[in-house]
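In case you want the letters, here they are:
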2 protein chains.
Amino acid sequence: MDPVYSHIDANKDRFINLLGEAIAIPSVSGDAAQRPSVLAMGQWLVRQLERLEFSSIVERNPGTQELQGVTLALPPVILATYGTDPSKPTVLVYGHYDVQPALKEDGWKYDPFQMVVEEETGRIYGRGSTDDKGPILAWLWVVETYKALGKELPVNLKVCFEGMEESGSEGLDDIIKEEANNYFKDVDCVCISDNYWLGTKKPCLTYGLRGVSYFMLEISGPAKDLHSGVFGGTVHEPMTDLFHVMSKLVTPQGKILIPGIYDDVAAVTTQEDALYSNLDFSLADIHNATESETTIHGSVRDTLMHRWRFPSLSLHGVEGAFYAPGAKTVIPAKVTGKFSIRSVPNQTPERIAELVKEYVEGEFAKLKSRNTLKFDAPQGGKAWVADVNSWNFVAARSAIEKVFKTSPDLTREGGSIPVTLTFQEALNKSVLLLPMGRSDDGAHSTNEKIDTLNYIEGIKLLATYLEEVAVVTKE
Amino acid sequence: MDPVYSHIDANKDRFINLLGEAIAIPSVSGDAAQRPSVLAMGQWLVRQLERLEFSSIVERNPGTQELQGVTLALPPVILATYGTDPSKPTVLVYGHYDVQPALKEDGWKYDPFQMVVEEETGRIYGRGSTDDKGPILAWLWVVETYKALGKELPVNLKVCFEGMEESGSEGLDDIIKEEANNYFKDVDCVCISDNYWLGTKKPCLTYGLRGVSYFMLEISGPAKDLHSGVFGGTVHEPMTDLFHVMSKLVTPQGKILIPGIYDDVAAVTTQEDALYSNLDFSLADIHNATESETTIHGSVRDTLMHRWRFPSLSLHGVEGAFYAPGAKTVIPAKVTGKFSIRSVPNQTPERIAELVKEYVEGEFAKLKSRNTLKFDAPQGGKAWVADVNSWNFVAARSAIEKVFKTSPDLTREGGSIPVTLTFQEALNKSVLLLPMGRSDDGAHSTNEKIDTLNYIEGIKLLATYLEEVAVVTKE
Ligand SMILES: [Zn+2]
Ligand SMILES: [Zn+2]
Ligand SMILES: [Zn+2]
Ligand SMILES: [Zn+2]
């Protein structure tokens, strides 16, 4: 791999400048006014794919959407292929070319859409630098490097780049399902680089995500809000009922009180338990992130297990009650309490919703209130976990060891990356999350950055990963 | 009293038309743009007082206020005197000439600032008709009637009309305290006509009001809102703590759970208990008002006792949490739960705040949370109760019997009318609430009205009340 690494090092400035070109296109998918920039960013990528002689470049059109009162064309899902040698494994890589909104006045040191490389720190600042323009470009520079060296790519590569990830990936799932037996037919494994190292020092492989189930409890009584002087003490108040029921969901220590909710949670195996040793993480990392010392658990192991592999329940708010500053003495007529459960293997959204409904309705019945409860479970997404012993993970692990001279942390994420599960279920092939940036990159925050080391060694990592995939699949 | 009654009947249309003039001045105190109309309404009243030859007419200026970004002159508190005979008792009457906002498009049948008298029903529609322009004008037409008949008023009358009642009575308390030993020095009793009959058929005297104490529980943890995927299960969540504490305040049946809170509540005496018989009220009245059957208590007696003479606790809302429609999975960093207690004799705001603070802090401590609780009791107003056997009430009761040929209901209000307590404490004289309108007048709602019967018989009632005051104070 030495010539590959040398070529990447030699082209460092060029790769950084190309990232700067991409950052300069403000492809904010959540802002109707910036939709032309999202489309322009897609075209920029298509031109790169053409220059690199990818074949079968397809711009799949997911249709239109209503946003901020206008009908907008959705940006294309860009599919492209590099190599079609049936003797080689085929690796599908996913990334997104849209970004989160960013305004200088939100507290950015520099213009968010004008790349700045800080000499002293090596940090490359700009919206999209780490989420997710840096990673998707890295895949392209791997191909460019092999071409420049006249070297054959060790695998067939397929790319799937979308432009709506930060806005709910509208239309993506349908396209993936439609192409499962077409464009993606020969795919052997999937690699997604769209998350982050656990800390700032050690690379990771990510093998799990929690799911999320959302719930709404609507409690209603009177037809309109009442004056608490006139009616307080004489009618059943929806807010009182709601607080009674919602206070029965979870303890202040995070234990969910819904009977049966833990029954389907996978037991911790000895092998899994071992993954929690020597992680690049300390409780101080949470304290820094939250600027508080409000952690529940005393050890890194317990803390991360509760982030990654145990369910949690959070209360989010109440719709219909008084929420403004100041004092108002209203009795709200109809209130909707909102909460969600982060779910884990082997829980299913269906079973969770069943248990929550039964419990909530039972607790409400105990109140003997004359108000009315309406239970709704509008959303439920499953958790995801991969086999860390599968060849896809073995290849990535050995690539990390070669590039970074260290064993990666094997991590999960407490949140969800829905496309992971979509690929898993539509293609039924191993999916790997291979993060490039660090935990402090500020992906959805101000001053987003990627470190030059993460970007440049990241290109090497992706190249090495493809080599290792070719090796392990040959064995 | 026959000539007085005949003169009032003969001038019915004239008194209604004069009310129409007042309704046509949109004196909305809560709207900066309509402040000139509030001032104009004050001037209209001053002209009437001058025409009726009131003496010592004073426009007390309460200063200025900031409203909707502008500095506005507060409307004057108008003081005036009719008669200064030291051998007669002096009655102080209070009312307000400002009104609630009203827009035709809110659902009014007619233009709210254009009086309409419905022939069939006798209803006089218009903003302010019952709250409180009808009642304050009625006092003036009593004087006009005596003057027209060449009859001496049986008492000395002092009026106190304010223009900010619907917007917190800014500046009024200070003026009342300042004038207690000056303008109001010789006052023997106070009469306020600014509330409503309990039902629609029977006149009332009102002898009690509940107080209100407002509370805010701020629970904070992280410095900013957190992602529930990343942090759910690992940190103490302020919302969870808040729901646990707030669910411990009151049962769904309205029983307050704060130890000691009922200790100071006055016991029900036999005499008081008797006042709850034969009231013009049924549970159907609450069901109609709330358009629901969510009453807690099975009898009128229990229901009204819990509105009038037992404390109640209502949860109003949460500041800082997610309140909009839709699903959001945030963990709010700082939330403020808001609730209030309607208090009764002999509870004091100080003792209530003490008990609430101790209990809430104790319940929070039990949670063993690492979040922080901040307790605040920003407002507390005392309950008020009058002696129904005092001569002021005896006079009013016999006036009602003479005009309406029926005994009045003796009622309380569940809400507060703060000026009542201010007069009570500043003057240390009996205060009486003598309502003119009915429970269905829609005082703060659309289609506000006063029935012709209530307005015209109301003028007779006020005249007769003054006669009876003269009689009972002579005995
Ligand atoms: Zn991303
Ligand atoms: Zn993102
Ligand atoms: Zn009023
Ligand atoms: Zn009012």
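Residues numbered from 1 in each chain as written. Chains lettered and ligands numbered in written order. Predicted model: local features only at pLDDT ≥ 70, side-chain atom pairs only at ≥ 80, totals over all residues. Heavy atoms only, no water.

1. Examining the coordination of the zinc ion (ligand 1)
Residue and element names in this part refer to chain A. Protein ligation of the zinc ion (ligand 1) involves His96 (NE2), Asp131 (OD), Asp194 (OD) and Asp194 (OD), the donor distances falling in the range 2.0 to 2.7 Å. Relative to the metal, the four donor atoms surrounding the zinc ion (ligand 1) lie at angles of 53 to 146°, and the coordination shape comes out irregular. We note that the donor set of the zinc ion (ligand 1) lies within a single chain, spaced as H-x34-D-x62-D. Here the zinc ion (ligand 2) and the zinc ion (ligand 1) are spaced 3.2 Å from one another, each receiving a donor from Asp131. You can see His96 sitting in strand S5 (residues 90–96) and its partner Asp194 sitting in the loop between strand S9 (189–192) and strand S10 (204–209), a full 98 residues away along the chain. Judged by relative accessible area, which is 9%, Asp194 ranks as buried. (Donors = N, O, S within 2.8 Å, 3.2 Å for Na, K, Ca; no water. Tetrahedral: all angles 85-135°; square planar, octahedral: opposite > 155°, others 65-115°. Helix = DSSP H or I, 4+ residues; strand = E, 2+ residues; numbered from the N terminus. Buried < 20%, exposed > 50% of the residue type's maximum accessible area, 1.4 Å probe, protein only.)

2. Points about the packing of aromatic side chains
Scanning the entire structure with this criterion turns up 24 aromatic pairs over all chains. A centroid spacing of 6.2 Å and a plane angle of 70° characterise the contact between Phe184 of chain B and Phe423 of chain B, whose relative ring orientation is edge-to-face. Taken together, the residues span a long stretch of sequence, with Phe184 of chain B in the loop between helix H5 (172–179) and strand S9 (189–192) and Phe423 of chain B in helix H13 (residues 418–427) at a distance of 239 residues. On the basis of relative accessible area, Phe423 of chain B is assigned to the buried category, the value being 0%. These aromatic residues form a ring-pair network of at least three members: Tyr94, Tyr183, Phe184 and Phe423 of chain A. (Phe/Tyr/Trp six-rings, centres within 6.5 Å; stacked < 30°, edge-to-face > 60°.)

3. Topic: the pairing of strand S5 (residues 90–96) of chain B
Residues and elements named next belong to chain B. The element S5 is largely enclosed, with a buried count of seven among its seven residues. The alternating pattern of S5 places Thr90, Leu92, Tyr94 and His96 and Val91, Val93 and Gly95 on opposite faces, both of which are buried. Relative to strand S8 (residues 156–162), S5 runs parallel, the two sharing seven bridges. In the strand pairing of S8, Leu92 is matched with Lys158. Note that S5 and S9 share four bridges and pair parallel. Paired with Val93 across the strands is Cys191, a residue of S9. (Pairing = 2+ DSSP bridges.)

4. Describing unusual backbone geometry
Apart from glycine, the bulk of residues carry a negative phi angle, and the bulk of peptide bonds sit in the trans form. Put simply, Pro345 of chain A and Asn346 of chain A share a cis peptide bond, and its omega is 0°. Its place among the elements puts Asn346 of chain A in the loop between strand S15 (334–343) and helix H11 (349–366). Of note in this structure, Gln68 of chain B is not a glycine but carries a positive phi near 50°. By the element assignment, Gln68 of chain B lies in the loop between strand S2 (64–67) and strand S3 (70–73). For Gln68 of chain B, a relative accessible area of 54% puts it in the exposed group. The backbone phi angle of Asn278 of chain B is positive, close to 60°, even though this residue is not glycine.

5. So, the state of the cysteines
All names here are of chain B. Inspection of every chain in the model, using the stated rule, returns zero disulfides over all chains. In this structure Cys160 is a free cysteine whose sulfur lies 13 Å from that of Cys191, the closest cysteine sulfur available. Cysteine Cys189 shares no disulfide, and the gap to the nearest cysteine sulfur, in Cys191, comes to 7.4 Å. (Disulfide = S-S within 2.5 Å.)

6. Some words on the interface of chain B and chain A
Counting residues at the interface gives 75 residues for chain B, matched by 75 residues for chain A. Around 6,200 Å² of area is buried between chain B and chain A when both sides are counted, 56% of it from carbon and sulfur atoms. Where chain B packs against chain A, one counts two salt bridges. Here Glu291 of chain A makes a salt bridge to Lys224 of chain B, at a shortest N to O gap of 3.7 Å. The biggest single contributor to the side of chain B that touches chain A is strand S13 (residues 312–319) of chain B, with eight residues. Taken together, the residues of the side of chain B that touches chain A sort by class into 30 nonpolar, 32 polar and 13 charged. (Contact = heavy atoms within 4.5 Å. Buried area = accessible area lost by both parts, 1.4 Å probe. Salt bridge = Lys/Arg side-chain N within 4 Å of Asp/Glu carboxyl O. Nonpolar A, V, L, I, M, F, W, Y, C, P; charged D, E, K, R; others polar.)

7. Observations concerning the coordination of the zinc ion (ligand 3)
Residues and elements named next belong to chain B. At this site the zinc ion (ligand 3) is bound by His96 (NE2), Asp131 (OD), Asp194 (OD) and Asp194 (OD), with donor distances of 2.0 to 2.7 Å. If you look at the zinc ion (ligand 3) and the zinc ion (ligand 4), they sit 3.1 Å from each other and are both ligated by Asp131. Accessibility expressed as a relative area gives 0% for His96, which makes it buried.

8. What to know about the pattern of salt bridges
All names here are of chain A. Applying the stated criterion across every chain, the model contains 57 salt bridges over all chains. Notably, a salt bridge pairs Lys449 with Asp441, separated by 2.7 Å at the nearest N-O pair. The two residues Lys449 and Asp441 agree in class, both being buried. Each of Arg123, Arg438, Asp440, Asp441, Lys449 and Asp451 takes part in one network of salt bridges that share partners.

9. Description of the side chain of His96 of chain A
Within the structure, the side chain of His96 of chain A is placed 3.0 Å from the backbone oxygen of Asp98 of chain A, a separation counted as a polar contact. If near-sequence neighbours (up to four positions away) are discounted, His96 of chain A is found in contact with Asp131, Asp132, Lys133, Ile136, Glu162, Glu165, Glu166 and Asp194 of chain A. (Polar contact = N/O pair within 3.5 Å; in protein donor to acceptor, adjacent residues only side chain to side chain.)

10. Let's talk about the UniProt feature "binding site: Mn(2+) 2" (unreviewed entry) in chain A
Residues and elements named next belong to chain A. According to UniProt, the "binding site: Mn(2+) 2" (unreviewed entry) feature falls on His96, Asp131 and Asp194. On the basis of their most widely separated C-alpha atoms, the annotated residues across 99 residues gather in one place, lying no more than 8.2 Å apart. Not counting residues within four places of it along the chain, the set of residues in contact with Asp131 comprises His96, Asp98, Val99, Glu166, Asp194, Tyr196, Ala443, His444 and Glu448. Reaching out from Asp131, the side chain makes a polar contact with the side chain of His96 at a distance of 2.9 Å. If we skip the residues at most four places from it in the chain, Asp194 touches Tyr94, His96, Asp131, Asp132, Glu165 and Ile417. Engagement of the side chain of Asp194 in a polar contact is seen with the side chain of His96, the distance being 3.2 Å. (UniProt positions renumbered as here; feature names shortened; annotations may be inferred.)

11. Observations regarding H13 of chain B
Note on helix geometry: an α-helix contains 3.6 residues per turn, so any two residues three or four positions apart are oriented the same way. Of the positions making up H13 of chain B, those classed as buried are Val419, Thr420, Leu421, Thr422, Phe423 and Leu427 of chain B. Of the residues trailing H13 of chain B, Asn428 of chain B is marked for its positive phi of about 55°.

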